[in-house]
Every structure is written in structure tokens, then in C-alpha cells.
Amino acid sequence: MNYTEINAKTWDRWSEEGMTWTRPITQEAYAAVTEENFTVYLTPCVPVPHEWFGNLTEKRLLGLASGGGQQMPVFAKLGADCTLLDYSDRQLDADRAVAKREGYGINIVKADMTKRLPFDDATFDIIFHPVSNCYIEDVQHVWEECYRVLKPGGVLLAGMDNGMNFLFAQDEEPLVVVNRLPYNPLKMPKEEFERIAAEDGVQFSHTLEEQIGGQLKAGFLLRALYEDRDREGCGVIREYAPQYYATMAVKG
């Protein structure tokens, strides 16, 4: 089984278990969304600034690995023409269910983002890509595909893991280093890989050179960024350092 298929099944299982990032928006929260009152996340805790979006009316927006029925309903309510790409059946089903419940249209695509994205060049105005490239080995491919499918002047909004969660043991204090970075389970012995994959899927850490440098290499112009931490109760690393960052970049 390809490691991305393992990750898709892992997210299916997490959805069945009700993990935080698989719980769809409620009817009440959806009804309350307005241009002045909405909240979406690229990282665990810090909301994405509204100015990063501009007016979403009739903008073509791609939610890249953004299933779960949380962000796409908000963008649809704000008038965007939404397309969702994800590889987890359960995460896609959550967005289908919310769209049916609220009566809006959405283009839902099941695809593996390690492959060529199934869209024409210069299709989208905005790509919304929450923390998820920790589930793929080669992020440069994703940045180049994002650049290809965005229109000139289009915006890439991306959330990323900075590697801290892989460097240290999550629940030990003081912090204990347990891995070298960058972390790549595909290079581990078979038995260790299978144990890790069965618990948390196949996850990777990526360097700043891969994440920020990779966007620049693809042709993007970096406009803004912020850092973030895990939510309370998600391990002790958050008490010591940020673990995530989000970027706003524009297709030059």
C-alpha cells in the first residue's frame, strides 16, 4: 500500500473517532457566518486574518487537503466558488453532508496531492492549504502544482509544521529529543515503520528550505506569515515553542 493510502485510511479512522479536525461546522455556526464574522484556521489556534482573503464573492477557491466540513462551508457562505480536494473518503463525506444540509454547491474531488493536481493551469484565485503537507514526503511538487493551478496574482494560504513535534517527545517534561530532523519514517526499518504508521499514519517533518524556500523556488512572493502552537492539552511542547506557521504568498 502506498503511504498516502495509509494516511487516507488513518484520516478515515480519525473521522470515525471524532478527532477535532474531522468535526463539521454546526448549523448554528454556519448561519452566523458573515463577511465581518467568520473564523477559519490554517494552524491549530490562530485564526487566519480576514485581510488575507479579501472579498471572496465569486472567487474560485481550492481547499487543498482541506476536508472535514469545517472551512469550505465558511468560504461557500461568503460567496466563493469552492472546490475541495482530499484523499480521505470520510473527510470528503463530511463536506458533502454539510453542503447538502445547507443547500450550497461544491465541487468535491478525491485525489492524491503527491500526483499532478486534476485541474487546468490558472484555474483558481485562492488556494487554502491547512497543515497537511506533513503527510507527504515531497512538498516541492505541491508548491509547483499550486503555482500552476493558480491564476496570475492568485494567493496561496498555507499552514505548516516546523518540525518541533517530531524532534521532541510530546508528553515528557523537560523535553526529550527523540528524533533527528528532518524526520522521514520511510527510511526506518520495516518493523518500526509499520508500528508508527498503524498509530498516526505516515508523517514527515520538513525544513524551512523546503517550506518557505520551496514556495519561493516555485515562483511565489511571500507577503505575510505568523506562528502558532498546539491547542491546550495537546502535549507539553506548546509550552516551550511554536510548532506551526502559516504563510500568505502570491503568484508572481
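Anything mentioned here points back to the structure above.
In this convention, every chain numbers its residues from 1, walking through the sequence in written order. A pLDDT threshold of at least 70 governs which residues receive local features in this predicted model, and a stricter bar of 80 or more applies before side-chain atom pairs are shown or counted, although totals over entire chains, interfaces and linings include all residues. The side-chain numbers reported here are obtained from all heavy atoms of the structure, hydrogens and water having been left aside.

(A) Quick peek at the overall build of the protein chain. Secondary structure elements follow DSSP: runs of H or I of four or more residues count as helices, runs of E of two or more count as strands, with numbering from the N terminus. A count of helical and extended segments in the protein chain gives eight helices and seven strands. Each radius of gyration reported is based on C-alpha atoms, and the globular scaling rule is 2.2 Å times the count of residues to the power 0.38. Its C-alpha atoms give the protein chain a radius of gyration of 18 Å, within 12% of the compact-globule value 18 Å for 252 residues. With respect to the principal axes defined by its C-alpha atoms, the protein chain has extents near 50 × 40 × 35 Å. Sequence separation of 24 or more characterises 70% of the internal contacts of the protein chain that already satisfy a separation of 6 or more. Carbon together with sulfur atoms contributes 49% to the accessible area of the protein chain, which is approximately 12,000 Å² in total. Counted charges follow a simple rule, with Lys and Arg positive, Asp and Glu negative, and His plus the chain ends left uncounted. In this description, the location of a charge corresponds to atom NZ of lysine, CZ of arginine, CG of aspartate or CD of glutamate. Charge centroids of the protein chain, computed over 25 positive and 39 negative side chains, lie 4 Å from each other. Whether two residues are in contact is decided by their heavy atoms: any pair within 4.5 Å suffices. Accessible surface is estimated by sampling points in the Shrake-Rupley manner with a 1.4 Å probe; for residues, cover comes only from the protein chains shown.

(B) Spatial organisation of the packing of helix H5 (residues 139–149) against helix H8 (residues 208–218). Whenever a helix is involved, its axis is fitted only over the stretch in contact; in every case the axis is a line through C-alpha atoms, and angles between N-to-C directions fall within 0 to 180 degrees. Two numbers describe how H5 lies on H8: the axes approach to 9 Å, and their chain directions differ by 40 degrees. Here H8 runs oblique to H5, going by the angle between their axes. The handedness of the crossing between H5 and H8 is right-handed. Between H5, through Val-139, Gln-140, Trp-143, Glu-144 and Tyr-147, and H8, the contact on the second element is made entirely by Glu-210, Gln-211, Gly-214, Gln-215, Lys-217 and Ala-218. Here the term charged refers only to Asp, Glu, Lys and Arg, the term nonpolar to Ala, Val, Leu, Ile, Met, Phe, Trp, Tyr, Cys and Pro, and the term polar to all other amino acids, Gly among them. Within the contact of H5 with H8, the residues separate by chemical class into four nonpolar, four polar and three charged. Each angle is binned into one of four classes, with values under 35 degrees roughly parallel, values over 145 roughly antiparallel, values of 65 to 115 roughly perpendicular, and all other values oblique. Less than a right angle of anticlockwise turn of the near helix away from the far helix marks a crossing as left-handed, whereas a clockwise turn marks it as right-handed.

(C) Quick peek at the nonpolar core. What we call a nonpolar core is a set of buried Ala, Val, Leu, Ile, Met, Phe, Trp, Tyr and Cys residues that are connected through their side-chain atoms within 4.5 Å. Remark: exposure states derive from per-residue accessible area (1.4 Å probe, protein chains only) relative to the maximum for the residue type, with buried under 20%, exposed over 50%, and partly exposed in between. Core analysis: the largest hydrophobic core is formed by 33 residues, its most contacted members being Phe-53, Phe-75, Phe-128 and Leu-157. Residue assignment for this core shows that the elements contributing at least two residues are helix H3 (72–77), strand E2 (81–86), helix H4 (89–102), strand E4 (124–129), strand E5 (150–161) and strand E7 (244–251). Tallying contributions element by element places H3 first for this core, with four residues. By size, the runner-up hydrophobic cluster in this structure holds 31 residues, among which are Ile-6, Val-109, Phe-193 and Val-202.

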